[in-house]
Amino acid sequence: MSKKIVLSGTRPTGNIHLGNYFGAIENWVKLQEDDQYECHFFIADWHALTTGYDETEVLRKNTLGLLADILASGVNPDKANVFLQSDLKAHAELYLLLGMNTPLSWLERCPTYKDMMANIKDKDIATYGFLGYPALMASDILIYRANYVPVGEDQIPHLEISREMARRFNFLYNSEVLVEPQPLLTKSKVLPGTDGRKMSKSYGNTIALADTPDEVKKKVMSMITDPARIRKDDPGHPDICTVFAFHKVFNEDKVEDIETQCKGGCIGCVACKRMLQEKMSEFHTPIYDKRTELLSHEDSLIDVLREGAKIASAKAEETMEEVRKAVRIGF
Ligand code: SF4
């Protein structure tokens, strides 16, 4: 039986934080180990331009940093194809062709478009590129005839636009060239930011894989705990404590014990944070060391992308030949 194609990408807009790691990358590592899937993971540098078209000076550094993060986290180029979107010019060709027949209303009603247009005030994103990003996303997926795209519940509407574009293309050109991708629903561990809100770069509450072990330690020791707890023997409320939310992910075996001790006022928050910090260091330091090592050999990192592009290019070109034929463009 042929393997099902899985495709997923991530934008090089800064270093991966633990929210990204548990939200996506941890799952990539699992998928690459699953024999039923052929995995293609890409760095979506053109997508970074849809909102950061005026900040390209950071693109190279962000791309290499992201690649180092991904590989240090366990994504293995021998098991999954890893490539850079802009190395595959065919994505842009399919994006152009999809753009010709995509109704404007589909793009304008996209939830992220509406949400970001309403909320981003510090830069002008009222551009053609930003409006059209769902078509670029669709071309990334459809060009590999991906069967599955790993998504969380909230991202299903995004994938639906790609499915609609595939259907419309096949209908208009009386073809079966494009494949409608299915969502591969993933349940991921959710970590709050160090201040208890959603972990997000814009809140300044992240812990990044690129943070030094010392920075991670400082961030853990300054995490928000149960604010009602003043003295060590005050009964605590772990359910509202950020440190406890982290224990659930990094210290699973001890969670029940910590909960009992906290509620009974038998453990102080400083000791509790120290326990967490030790566990997090076991997870984070090896990844940090590996990414540092990888970044000291930029040429080898770029080679990974070049090799990945070769594999992706063969697949993309196969689809594009059929796409051009279906559209009746060129000779
Ligand atoms: S003891 Fe631990 S779980 Fe309880 S409030 Fe303090 S840091 Fe949070």
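Above this note sits the structure.
Below: a short report on this structure. No experiment lies behind these values; they were computed from the predicted model shown.

### Notes on the site of the ligand
Taken together, the residues surrounding the ligand are Thr-225, Asp-226, Arg-229, Cys-241, Val-243, Phe-244, Cys-262, Ile-267, Cys-269 and Cys-272. Counting atoms within 2 Å of the grid points, the majority share of the ligand lands in the largest cavity. Contributions of two or more residues to the shell around the ligand are made by α11 (242-250) and α13 (269-295). Across the shell around the ligand, the residue classes break down as seven nonpolar, one polar and two charged.

### Some thoughts on the packing of helix α1 (residues 18-33) against α13
Where α1 meets α13, the closest approach of the two axes is 13 Å, and the angle between their N-to-C directions is 85°. With respect to α13, the element α1 is oriented roughly perpendicular. Contacts between α1 and α13 involve Leu-18, Tyr-21 and Phe-22 from the first element and Met-280, Phe-283 and Ile-287 from the second. Among the residues making up the contact of α1 with α13, the classes are represented as six nonpolar, no polar and no charged.

### Some details on the nonpolar core
The tendency in soluble globular proteins is for nonpolar side chains to be buried side by side. Grouped together as the largest cluster of nonpolar side chains are 51 residues, with contacts concentrated most on Leu-18, Phe-246, Phe-250 and Met-280. Look past the residues within four positions of Phe-250 in its chain and what remains in contact with it is Leu-18, Phe-22, Leu-191, Leu-276, Lys-279, Met-280 and Phe-283. Phe-83, Met-116, Ala-138 and Tyr-144 belong to the second-largest nonpolar core, a separate cluster that totals 44 residues.

### Remarks on the packing of aromatic side chains
Under the defined criterion, the tally for this structure stands at 13 aromatic pairs. Considering the side-chain rings of Phe-22 and Phe-250, the 5.6 Å spacing of their centres and the 80° angle between planes classify their relative orientation as edge-to-face. Of this pair, Phe-22 sits in helix α1 while Phe-250 sits in helix α11, and the two are 228 residues apart along the sequence. In this structure, Phe-22 and Phe-250 share a single accessibility class: buried. Measuring from ring centre to ring centre gives 5.8 Å for Phe-22 and Phe-283, while their planes differ by 25°; the resulting arrangement is stacked. In this pair, Phe-22 is assigned in helix α1 and Phe-283 in helix α13, connecting sequence segments 261 residues apart. Using a relative accessible area of 4% as the deciding quantity, one classes Phe-22 as buried. Of note, Arg-168 hangs over the ring of Trp-106, and the distance from its end group to the ring centre comes to 5.9 Å. Over the ring of Tyr-203 we find Arg-197; its NZ or CZ atom is 4.1 Å from the centre of that ring.

### A look at the side chain of Thr-206
Relative to the helices and strands, Thr-206 is located in the loop between β5 (182-185) and α10 (213-221). Those residues in contact with Thr-206 that sit more than four places away from it in its chain are His-17, Met-199, Ser-200, Lys-201, Asp-211 and Lys-219.

### Considerations on the environment of Ala-44
As for its position among the elements, Ala-44 is in the loop between β2 (37-43) and α2 (45-52). Assessed through its relative accessible area of 3%, Ala-44 is described here as buried. With 125 residues separating them in the primary sequence, Ala-44 and Phe-169 have C-alpha atoms 23 Å apart. Sequence-distant contacts of Ala-44, that is, excluding residues within four places in its chain, are made with Thr-10, Arg-11, Pro-12 and Gln-85.

### Observations concerning unusual backbone geometry
With a phi angle near 45°, Arg-145 is a residue other than glycine that sits in the positive phi range. Under the relative-accessibility criterion, Arg-145 is labelled buried at 18%. Look at Arg-328: it is not a glycine, yet its phi comes out positive at around 65°. Checked against the element boundaries, Arg-328 lands in the segment after α14 (298-327).

What counts, and where the lines are drawn
- Residues numbered from 1 in each chain as written.
- Predicted model: local features only at pLDDT ≥ 70, side-chain atom pairs only at ≥ 80, totals over all residues.
- Heavy atoms only, no water.
- Near = heavy atom within 4 Å.
- 1 Å grid on protein atoms, 1.4 Å probe; cavity = no way out; pocket = protein on both sides within 12 Å on 5 of 7 lines; lining within 4 Å.
- Sits in = over half its atoms within 2 Å of the grid points.
- Helix = DSSP H or I, 4+ residues; strand = E, 2+ residues; numbered from the N terminus.
- Nonpolar A, V, L, I, M, F, W, Y, C, P; charged D, E, K, R; others polar.
- Axes fitted to C-alpha atoms, helices over the stretch in contact; angles between N-to-C directions.
- Parallel < 35°, antiparallel > 145°, perpendicular 65-115°, else oblique.
- Contact = heavy atoms within 4.5 Å.
- Core = buried A, V, L, I, M, F, W, Y, C linked by side-chain atoms within 4.5 Å.
- Buried < 20%, exposed > 50% of the residue type's maximum accessible area, 1.4 Å probe, protein only.
- Phe/Tyr/Trp six-rings, centres within 6.5 Å; stacked < 30°, edge-to-face > 60°.
- Lys NZ or Arg CZ within 6 Å of the ring centre and 35° of its normal.

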